[in-house]
Amino acid sequence: MEIMETSFLQAILTLSFLSSECGQAPLNNKIFGGEAATAGAWPWQVSIHITCDGDLCYCGGSLINKDWVLSAAHCLFGTSDIMMYFGRLRRSGLNPYETNRTASRIIIHHTFNNPKNDNDIGLIQLSSSVTFTDYIRPVCLAAAGSTFAAGTEIWVTGWGKLHSGGECPFPDILQEVQVPIVSNSDCYDAYGGLITNNMICAGLIKVGGKGSCQGDSGGPVVSWNGSLWIQSGIVSFAGVKCDDPRYPSVFTRVSQYQDWIATNIANNTPRFVEFNNNGFRSSLNLFLFSISLTFSIIPFTFSHYLSS
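Reference entry: report on the structure contained in this document. Remember, predicted model here, so these are calculated numbers, not experimental data. (Residues numbered from 1 in each chain as written. Predicted model: local features only at pLDDT ≥ 70, side-chain atom pairs only at ≥ 80, totals over all residues. Heavy atoms only, no water.)

**Here's the deal with the pairing of strand β7 (residues 122-126)**
Our working definition: Relative accessible area decides the class of each residue, using a 1.4 Å probe on protein chains only: under 20% of the type maximum gives buried, over 50% gives exposed, and in between gives partly exposed. We count a stretch as a helix when DSSP gives it H or I for four or more residues in a row; a strand needs E for two or more, and each element gets its number in order from the N terminus. Pairs of strands are assigned from DSSP output, requiring at least two bridges between the strands.
Most of β7 is tucked away, with 4 of its 5 residues classed as buried. Judged from the 4 bridges that link them, strand β4 (residues 68-71) and β7 form a sheet pairing that is antiparallel. Its bridge partner being in β7, W68 is matched across the sheet by Q125.

Pasting the structure below:
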């Protein structure tokens, strides 16, 4: 019995170690600022290349464990031909820390509502597992019950346009920008409706100039809780012009989908961490605590694709 308990404890500790890898970016020592990212700063960032209507389109995504990527449903709808790049900094040229995978399975939320963009969330299972490095790591996901008060700073990353308009080129280097959360009521007023509890908004209302834009769709929106990076949103849509100060950027609220994600990823469930103004609580830690008690041991819808 003692041997069995020891083995069980070792298994739990191993599980804890593996799951605790999420939300860590060893090469990112910058919490404030913006513009061009550096290699390894956002190691969960995924560049998704999609064949759409005979052309090549682009979206973003986030690595949530060694086998799965999280993205937006509108990026994945109606396609199965996908290539994903991990550890990428530049869209062109040499990316020495990069690897790639195809998709073995795509899951789109069963109630995804297009053109209203509600439940704009999807999962991609990789053709084979990726190996974690300083440049390729999973992000933690916001757990159910997480709160992101207005004014909370978030980071948006992607290769999307820097400004709206067909004449604006797409950046070669991964971009990062920090913007504050906008309350859902203010966001609802700005759009004259459309905003649901499944969404979270951010931007500089009446100022503009910062936020997601065409080509950023599906990419991660993350917040720093003092020790971990936690994904709060998925880039979904913006107004008619993504730099229009009247319209905040709108993201899928990840914390609303913990059960859906866990149900569809039966093995190696991603780590969910509750985020709020008073700290955070890991669902894995709560699980370990319960084990220790038992064993007495411790209509603005335009494609956010980037089309070449």
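After that view, the rundown keeps rolling.
**What to know about the pattern of salt bridges**
Heads up, the condition is: Take a side-chain nitrogen of Lys or Arg and a carboxyl oxygen of Asp or Glu: if they are within 4 Å of each other, that pair is a salt bridge.
Under the counting rule described, the total for this entry stands at 4 salt bridges. E98 serves as the salt-bridge partner of R88, at 2.6 Å between the closest nitrogen and oxygen. Remark: E98 occurs in the loop between β5 (82-86) and β6 (99-108) and R88 occurs in the loop between β5 and β6; sequence separation between them is 10 residues. What makes E98 partly exposed here is its relative accessible area of 26%. Residue D134 pairs with R137 through a salt bridge whose shortest N-O separation is 3.5 Å.

**A few points about unusual backbone geometry**
With a phi close to 65°, N117 is a non-glycine residue in the positive phi region. By secondary structure assignment, the location of N117 is in the loop between β6 and β7. For N117, a relative accessible area of 6% translates into the label buried. Positive phi outside glycine occurs at N268, with the angle close to 55°. When you line up the elements, N268 lands in the loop between α4 (258-264) and β15 (272-276).

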